[in-house]
Amino acid sequence: EDKGEDESKEEDNGSQQNRASRRKNYQRKNRDGKKAREEGSQKKDRGKTAPTKDQKESENKEKKTTKRGKEGENKQKKDRKNSTSSASSNSSDEESLSEEELAMLKEQVEQKKKLISTMRNKPWRMVKKLSVLREAQDFVEKFEGALGKGKGKKLYAYKMMMAKKWVKFKRDFENFKTQCIPWEMKIKEVESHFGSSVASYFIFLRWMYGVNLVLFGLIFGLVIIPEVLMGMPYGSMPRKTVPRAEQATAMDFSVLWDFEGYIKYSALFYGYYNNQRTIGWLKYRLPMAYFMVGISVFGYSLMVVIRSMARNANESTADGDDDNFIFSWKMFTSWDYLIGNPETADNKFASITTSFKESIVDEQESNKDENIHLRRFLRVLANVLIICCLCGSGYLIYFVVKRSQTFSKMQNVGWYERNEVEIVMSLLGMFCPPLFETIAALENYHPRIGLKWQLGRIFALFLGNLYTFLLALMDDVNEKLAEEDVVKNITHWTLLGHHNSSAGNDSTVTPPPLDPADVPRGPCWETTVGIEFVRLTVSDILVTYITILVGDFIRACFVRFVNYCWCWDLEAGFPSYAEFDISGNVLGLIFNQGMIWMGSFYAPGLVGINVLRLLTSMYFQCWAVMSSNVPHERVFKASKSNNFYMGLLLLILFLSLLPVAYTIMSLPPSFDCGPFSGKKRMYDVIQETIELDFPLFVAKIFSYVANPGLIIPAILLMVLAIYYLNAVSEAYQRANAELKKKMQMQREEEKNKRNNKASTNPMLQDLEDLLTPSTKTESPPKQTEDKKIESPNGTSPVRKPGRGEVLDGSPMAGGRGAAFIPPSPVFVTQPRTLGVRAPYPGQPRPWGHPLGPVPGRGRGQPCY
Amino acid sequence: MGNKQTIFTQEQLDAYQDCTFFTRKEILRLFYRYRDLAPQLVPLDYTNKPAVTLPYELIGSMPELKDNPFRQRIAEVFSEHGDGNMTLDDFLDMFSVLSEMAPRDLKAYYAFKIYDFNNDDYICKSDLEKTVNKLTRNELTPEEVSLVCEKVIYEADVDNDGKLSLEDFQHMIVRAPDFLSTFHIRI
């Protein structure tokens, strides 16, 4: 029989024994309660428990398993018999069933149920699992009903039935849930061709899609749809109408493509929303909803990201960075069982071979740094170059954005001028990462560290670009705000003038309202910001897709077909096929998400665009990967960097929260567009709602809570809590490290112990042989013995004399003396110390005399 | 869920769901995968448990397994008689253990059996050599192979008997960061 089964059986048996002993207890009680009918079974029981104990001691595994197996069956049968008898007596007189018996039966049933639920974790053959399962189920079925009595019985049966139904429902629901996870097969296919690292990108993409779907549902369900259904229709008021000057071209594709014209004055953007407090017959408070949704988008995203990070961290608790098992892990976990493609398999074989060779070389010469100064210089140089690149790109973007502001004031500018910012940003995103990679070659880092650096640099580039863009945008917004004041007056005067003129003509008739298209408008900076973000997103999508199409697909086609008539081998040589760029794609996805988070407050439709983007890129990229990419030459592991990506996502989320929060808290909303128009600040909508819609005391409570005197202590408290928790977690970590070290030491010790036992035993044998005949010369063995004990000096000063006594006290009883020795060789830990550390000179050696000359010593010594 | 599948009875499906990490749909899909290997051998009615066994040659040719250097060992470990020929039960067992949901301990137990080529309940040096050679397609020199094996034994052998027992193996493998993600086959 194999060992695992044995083990699990043992485990099972353990519980059964437990139960048996408990039963014994209970039976003892019963005896007091003069229950004669249990007598027989009790005897049987006793007889049964005894052999189990005996068996536990016996070492014969084979026998044990078979016996135990039988016994287990026996016991089960017995159990059943036992309980059938009780059940039958139960039916005759229910009251006679004692509490303990019931409890016991209940416990058995519970145990069986537990067995059923953990059946799948047992390393048994299916046949066995099935039969055990059936047995357990039968048992449960049979005795479930017996539990409880009278009314309670019915109730219990009902409860059981409901529990069963509940289990079934849960199972069906699980089935349903797994069916709802999309693209399982697609990802599996990619996974089998490219290994788990590429698939991790697609799993990340799918996760992102899920998050965005929820955001989409929030925004569409609570903001856009209510506005479209219940708000004022298009054309009813100035903010919902295209101005007269733009009307002629408002439907042109070139205009729509820039998100001007009709799109600008649609529900996709902030400016369209009305500041009416309630809309429709539902009295839906739209401005309030708009504000709350804007906040909850961030709240939900934060929650989801942090939760999944925590889950990831939980899952990977076991992986320490301890390098005790380099070779073992390489040996047993490097093959990716997911690989189902010969090409990938070839690559994997090659990469495993190289990694083995690398580790062997590392092992053989751990320190081989030949010219540390040159390397340091090169690394500094590389960093300087990269910082220059980053600054340059930042300045370029700032310059371009400034220029675009002057362009926006001019009339009839060309397509390039209008899209310059997006083009420059996309080009930078396309060319800088390869440039960084080239520069990073100077540094000569280990590839894993190199990848982290590379990711960090690209991240810095993107972030710098994004923030430069934001700063420039801020300038723009400030200009618009200044402009707005002027327009506000104009609008006011126009309306007044219109009113006056109509009133002057005919005072009795109410003046015909000014056509909403003719009313002068403010610039509405919110919509401008929203449009910028939407444009950026769309151009990002296009650039990504075109890069894939050109860089991957066209290249693959070229390499594949032109290869027939070319002077060198294109497939193996220069262009070759593209690899899937995991880190770049993941970063792109993360930044795109950052843009969505920033822009979604001012352009509610942006999330919809993003959902479409993710959906299409799932199919498009899957297709591109499968059709035109080759597996990585060196496949790097994705499992560990997962939380790294999540961390980046969290950082981006936080960074994108900042500008939005700033604009909400400190910029006045436009006077003539958006749900917050006419208010001083956007958050005033909350105060308004509280004042008008809630009873007075809520407003009071709110005003107390919003008091800085309360908020500052609260923040202080939080900071303190963070500090405390941090300290606690640090302490835990330290304890953990300590434990790890201890375990390591123990392991080492044990190893050495065994090592020495194995090697000293023959030696002791010799010693023993020589001891018994006579005691002769002493010097050489004494010396070695001495060394043996003192070499690790300090580890055990206590036991040293003990051993001396033993040897000294009974020099003739070599056999017994030897019996004491095995534990002590622990002290012989460091073989090297032998030569280095001499025994203490002039120390008395009480045990030296009886030892004879041992020729075996010579043999034994090299072992140390 | 009253579908018209007649391959298994409802009880059978429930029992399989209790004994494996699969949902009902996955069990049916696995059945079809199994059947597709040899449609002439496998009946479409499993309600009376026909004793059908597929030879290793068919099992090993599945796309999920055919590039795996350990495919023969996997099939042998999970087959009832250790010869690589599998019944449907064995087949389900195999993919259940290799599924994503299976716990670490179960996976470690079977991984141990897979790497224990000579079935002596220990991974000894010859097993390790075989593993290395399969992983690298014999591209390491014998000296390198033996160095690697020695290092592995040095690292993972707690009780110092020169070979890895199941406990040694589990002790080592539960700390491996990639074990769960690599020792799994998505089907």
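Computed from a predicted model, the values in this text were never measured in an experiment.

### Describing the overall build of chain A
Helix and strand counts for chain A come out as 29 helices and two strands. In chain A, buried positions account for 42% of the 864 residues. Within chain A, counting contacts between residues at least 6 apart in sequence, those at least 24 apart form 78% of the total. For chain A, the computed accessible surface area is about 46,900 Å², with 63% contributed by carbon and sulfur atoms.

### With respect to the overall build of chain B
Each helix and strand in chain B was counted, giving 10 helices and zero strands. Listed by position from the N terminus, the elements making up chain B come as α-α-α-α-α-α-α-α-α-α. A separation of at least 24 residues holds for 55% of the contacts in chain B among residues at least 6 apart in sequence. Taken as a whole, chain B presents about 7,400 Å² of accessible surface, with 50% of it coming from carbon and sulfur.

### Some words on the packing of aromatic side chains
If you walk through the whole model with that rule in mind, you get 48 aromatic pairs over all chains. With 6.3 Å between their ring centres and 55° between their planes, B:Tyr115 and B:Phe169 make a pair best called tilted. With B:Tyr115 in helix H6 (residues 104-115) and B:Phe169 in helix H9 (residues 166-173), this pair connects stretches of sequence that are 54 residues apart. If you follow A:Arg560 out to its NZ or CZ, it ends over the ring of A:Phe561, 5.8 Å from the centre. When the ring centre of B:Tyr122 is taken as origin, the NZ or CZ atom of B:Lys163, which lies over that ring, is 4.3 Å away.

### Considerations on the nonpolar core
Counting residues in each nonpolar core, the largest one holds 101 residues, and the members touching the most others are A:Phe202, A:Phe533 and A:Met682. Setting aside residues no more than four positions away along its own chain, A:Phe202 makes contact with A:Ile187, A:Val190, A:Phe580, A:Met618, A:Gln621, A:Cys622 and A:Val625. Core analysis: the next-biggest nonpolar cluster, separate from the first, contains 91 residues, A:Leu133, B:Val42, B:Phe70 and B:Leu98 among them.

### Quick word on the packing of helix H2 (residues 24-37) of chain B against helix H5 (residues 88-97) of chain B
Residues and elements named next belong to chain B. At a minimum axis separation of 10 Å, H2 and H5 run at an interaxial angle of 125°. On the basis of the axis angle, H2 is oblique to H5. Between H2 and H5 lies a crossing whose hand is right-handed. The residues of H5 that touch H2, namely those facing Leu 30, Phe 31, Tyr 34 and Leu 37, are Leu 88, Phe 91, Leu 92 and Phe 95. Of the residues in the contact of H2 with H5, the class split is eight nonpolar, no polar and no charged.

### Here's the deal with the interface of chain A and chain B
Taken together, the contacts link 72 residues of chain A with 80 residues of chain B. A combined buried area of about 6,900 Å² lies between chain A and chain B, and 58% of that area is made up of carbon and sulfur atoms. At the boundary of chain A with chain B, the tally comes to two salt bridges. When the shortest N-O distance is used, the salt bridge between B:Asp93 and A:Lys129 registers 3.0 Å. The interface formed by chain A and chain B contains 17 residue pairs in polar contact (both at pLDDT 80 or more). Secondary structure elements with two or more residues in the side of chain A that touches chain B: helix H1 (3-32), helix H5 (126-144), helix H6 (150-180), helix H7 (184-230), helix H12 (326-333), helix H13 (342-364) and helix H24 (708-771) of chain A. Of all the elements, H13(A) adds the most residues to the side of chain A that touches chain B, at 11 residues. Looking at the side of chain A that touches chain B, its residues break down into 28 nonpolar, 17 polar and 27 charged.

### Remarks on the confidence of the model for chain A
Residue and element names in this part refer to chain A. The pLDDT averaged across chain A works out to 73; a share of 69% of its residues lies at or above 70. When mean pLDDT is compared element by element in chain A, helix H20 (residues 606-628) scores highest at 93, while helix H27 (residues 814-820) scores lowest at 39. Confidence over residues 1-95 falls short of pLDDT 50; this stretch has 105 contacts with residues more than four positions distant or in other chains.

### A short note on the state of the cysteines
Residue and element names in this part refer to chain A. Following the criterion strictly, the structure yields one disulfide over all chains and no others. A sulfur-sulfur distance of 1.9 Å marks the disulfide that ties Cys 524 to Cys 673. Across the S-S bond of Cys 524 and Cys 673 the torsion is about 95°, and the bridge reads as right-handed. Of the two residues, Cys 524 is situated in the loop between helix H17 (447-505) and helix H18 (525-562) and Cys 673 in the loop between helix H21 (642-666) and helix H22 (684-693); the sequence distance between them amounts to 149 residues. Taking the relative accessible area as the measure of exposure, Cys 524 reaches 8% and is therefore buried. Exposure remark for Cys 673: the relative accessible area of 4% places this residue in the buried category.

### Considering the environment of A:Leu338
Along the chain, A:Leu338 falls in the loop between H12 and H13. Classification of A:Leu338 as buried rests on a relative accessible area of 7%. Taking the C-alpha atoms as reference points, A:Leu338 and A:Ser192, separated by 146 residues in sequence, lie 5.3 Å from one another. Once residues within four sequence positions are removed from consideration, A:Leu338 is found in contact with A:Glu191, A:Ser192, A:Ser196, B:Ser181, B:Thr182, B:His184, B:Ile185 and B:Arg186.

### Let's talk about unusual backbone geometry
Residues and elements named next belong to chain A. With phi around 55°, Lys 283 is a residue other than glycine that occupies positive phi space. Structurally, the position occupied by Lys 283 is in the loop between helix H10 (261-264) and helix H11 (286-315). Among the residues examined, Lys 283 registers a relative accessible area of 52% and is labelled exposed.

### Let's talk about the pattern of salt bridges
Residues and elements named next belong to chain A. A complete count under the given rule lists 19 salt bridges over all chains for this structure. A salt bridge links Glu 260 to Lys 264, with the nearest nitrogen and oxygen atoms 3.9 Å apart. Owing to a relative accessible area of 18%, Lys 264 belongs among the buried residues under this scheme.

### As for the UniProt feature "transmembrane region" (unreviewed entry) in chain A
Residue and element names in this part refer to chain A. With numbering aligned to this structure, UniProt lists the feature "transmembrane region" (unreviewed entry) at residues 207-229, 288-306, 380-401, 421-442, 454-474, 601-623, 644-665 and 701-725. Between the C-alpha atoms that bound residues 288-306 there is a distance of 27 Å. The span itself is 100% helix and 0% strand. For residues 380-401, the helix share is 100%, the strand share is 0%, and the end-to-end C-alpha distance is 32 Å.

### A short note on helix H16 (residues 420-440) of chain A
The terminal C-alpha atoms of H16(A) lie 29 Å apart, and with 21 residues this matches the ideal 30 Å at 1.5 Å per residue to within 8%. Where H16(A) is concerned, the buried positions are A:Glu420, A:Val421, A:Glu422, A:Val424, A:Met425, A:Ser426, A:Leu428, A:Cys432, A:Pro433, A:Phe436 and A:Ile439.

### Some remarks on the environment of A:Leu385
Within the secondary structure, A:Leu385 sits in helix H14 (residues 372-409). Through-space distance from the C-alpha of A:Leu385 to that of A:Ala440 is 9.8 Å; in sequence the pair is 55 residues apart.

Thresholds, definitions, all that
- Residues numbered from 1 in each chain as written.
- Chains lettered and ligands numbered in written order.
- Predicted model: local features only at pLDDT ≥ 70, side-chain atom pairs only at ≥ 80, totals over all residues.
- Heavy atoms only, no water.
- Helix = DSSP H or I, 4+ residues; strand = E, 2+ residues; numbered from the N terminus.
- Buried < 20%, exposed > 50% of the residue type's maximum accessible area, 1.4 Å probe, protein only.
- Contact = heavy atoms within 4.5 Å.
- Areas by Shrake-Rupley, 256 points an atom, 1.4 Å probe, with all protein chains shown as cover.
- Phe/Tyr/Trp six-rings, centres within 6.5 Å; stacked < 30°, edge-to-face > 60°.
- Lys NZ or Arg CZ within 6 Å of the ring centre and 35° of its normal.
- Core = buried A, V, L, I, M, F, W, Y, C linked by side-chain atoms within 4.5 Å.
- Axes fitted to C-alpha atoms, helices over the stretch in contact; angles between N-to-C directions.
- Parallel < 35°, antiparallel > 145°, perpendicular 65-115°, else oblique.
- Left-handed = near helix turned anticlockwise from the far one by under 90°.
- Nonpolar A, V, L, I, M, F, W, Y, C, P; charged D, E, K, R; others polar.
- Buried area = accessible area lost by both parts, 1.4 Å probe.
- Salt bridge = Lys/Arg side-chain N within 4 Å of Asp/Glu carboxyl O.
- Polar contact = N/O pair within 3.5 Å; in protein donor to acceptor, adjacent residues only side chain to side chain.
- pLDDT = per-residue confidence, 0-100.
- Disulfide = S-S within 2.5 Å.
- UniProt positions renumbered as here; feature names shortened; annotations may be inferred.
- Expected span 1.5 Å × (residues − 1).

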